[in-house]
Amino acid sequence: MNESAAPIPRDDPVTWRVLAAPLCALGLAWLFWAGFAPANWGIYGPGLGIFVLVAAHFAAVLLMLGSRACWSPGAVLLTGASLVLALCAALYSLPSLALFNCFVILATAAIATFALSGQCRYRPGQLMAVFDTIHLTLLALCSEINAPFRLLRQVGKARWGRIGRGVLAVVIALPVVGLVIWLLSSADPVFESLVDIHLEWNTGPLAMKILRIAILALFISSGLYFLQKPADASVAAPVRELDRTRLVPSLLTGAVLLDIVYILFCAIQIQFLFGGREAAVMAGGWAAYARSGFFQLAAVAAINLTLCLAGTDRRCFEVRGGQVLRAALALLLACTAVILLSAARRMQLYILAYGLSVLRLTTLFVMAVTLIGLLAAGYKLARPGFPFFKTVGTIALISWCLLCLANPAGLTARYNVNAYLAGQLETVDVEYLESLGTDSLPALTQLAGESAEDGPRASAAIARLTAQAREERMWTQWKASFLQAR
């Protein structure tokens, strides 16, 4: 075949969305570095900047998709959850909660993005959607990374192509030069001092900020261009399901052995934890008995739930020994429910002895979700076609968003102060209440006004929190709870 007769590849048509993608990428890159700057991780962690970043992300996604956006129920739920959790970072002052929610937002926003674009091969409620999202994310961030330079060549003729190649060369060379400078400065203290002086007296920090934004914008623009591609149904390969019928003997053996152990354990728990008070006193007191083994019991409940889900399959119940496996798994779930109640009872005793904390409140939430999972797994034993992950995942995500909106730090502070003033707690940890940030100001104000013994310490904590909240800071660190410090 004559090479001159081969068709000449044409570039994609330049639309306003294609032109807007690099600008949106630059804005998102700047918001990312502004929201996650090291200065924002002070006493209260990131704030309003996280919400603005997440809102701007979805605005850019919808701008790129236009009418192609797939508003499925799963996409709406995940988008709303991402925005709600980001809003909590701007409302409340607890940094640990904001940090954890950043990781949750990373997962929910990624799945929501590809659900909106229609490029994910699985519905958001399916477990495989998580793995497909990871694959699509890596592909999106890298596959179109040269798209801005192609756009320069396409829009601005040959000279723009040379400029694009020059910019690309600079972008590639600068990180290499920076790495070499860092290695040389680590090897020679004199050179290190000269580099430090240069970076301090000249425009080094500004140049590094611009470089960081530019590099991140390249990856973000790649993702935005990737979203503009129509979903390719041909890449959806059939999913090869695992033949679980081969696992029936192993699952049955494990379930029966575990049932024997759990029946003995549950008998002990009923006698000690739900029986006479003298049993726990013999173990070192209610609080000591509650503190021992709680997380181990929670881990056992998670293992049992996983084993039950692995064996819950219609085909497993139709083979020889399948009905015995179903009965063994049902007994396993029942024993797991007793173990979960034992763990909840231990946590209740611990809270009654030492008060509530955000970690203990979160643990109660995890136990409640685990109980819902046990009930859903039991229903799945009767109806193997029940969508377990979709149902439990939806309930868990919505309830977590509601818990975050309810201000866990404020709830914890109010419970401890009210329990102390009512005589249910012997002491109240004012230092811990202060560590919760400005969310605890209403409770501390109540303690300062109603307790003669702890009032001075509470007043001092209020003064410190008020002074911290009134400090000048970047807009990305702002939180609505600062308004309580007037």
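Structure: see above.
Bear in mind that the values here come from a model prediction, so they are computed numbers and not experimental data. (Residues numbered from 1 in each chain as written. Predicted model: local features only at pLDDT ≥ 70, side-chain atom pairs only at ≥ 80, totals over all residues. Heavy atoms only, no water.)

## Side note on the pattern of salt bridges
- Taken as a whole and assessed by the stated rule, the structure comprises 5 salt bridges.
- Measuring nitrogen to oxygen at the nearest pair gives 3.3 Å for the salt bridge that ties arginine 121 to aspartate 132. Of this pair, arginine 121 sits in the loop between α4 (95-117) and α5 (128-143) while aspartate 132 sits in helix α5, and the two are 11 residues apart along the sequence.
- A relative accessible area of 5% means that aspartate 132 is categorised as buried.
- The partner of glutamate 434 in a salt bridge is arginine 464, and the shortest N-O contact between them spans 2.8 Å. One end of the pair, glutamate 434, is in helix α18 (residues 430-435); the other, arginine 464, is in helix α20 (residues 455-469), and 30 residues separate them in sequence.
- When its relative accessible area of 17% is taken as the criterion, glutamate 434 is described as buried.
- Taken together, the shared-partner salt bridges connect Glu431, Asp454 and Arg457 into one network. (Salt bridge = Lys/Arg side-chain N within 4 Å of Asp/Glu carboxyl O. Helix = DSSP H or I, 4+ residues; strand = E, 2+ residues; numbered from the N terminus. Buried < 20%, exposed > 50% of the residue type's maximum accessible area, 1.4 Å probe, protein only.)

## Topic: the state of the cysteines
- Inspection of the entire model under this criterion finds 0 disulfides.
- Cysteine 404 supplies the cysteine sulfur nearest to cysteine 401, a cysteine that is in no disulfide, at a spacing of 6.6 Å. (Disulfide = S-S within 2.5 Å.)

## Comments concerning the environment of cysteine 102
- Position of cysteine 102 relative to the elements: it lies in helix α4.
- Setting aside residues no more than four positions away along its own chain, cysteine 102 makes contact with Phe36 and Ile50. (Contact = heavy atoms within 4.5 Å.)

## Looking at a nonpolar patch on the surface
- Among the surface-exposed residues, Leu127, Met128, Val130, Phe131, Ile134, Leu138 and Phe389 lie close enough to one another that they form a single nonpolar patch of about 670 Å² accessible area.
- Element by element, the count of residues in the nonpolar patch is highest for α5, at 5 residues. (Patch = residues over 30% accessible without salt bridge, like charges linked within 9 Å, V, L, I, M, F, W, Y side chains within 5 Å. Areas by Shrake-Rupley, 256 points an atom, 1.4 Å probe, with all protein chains shown as cover.)

That's the geometry; what it means functionally is another story.
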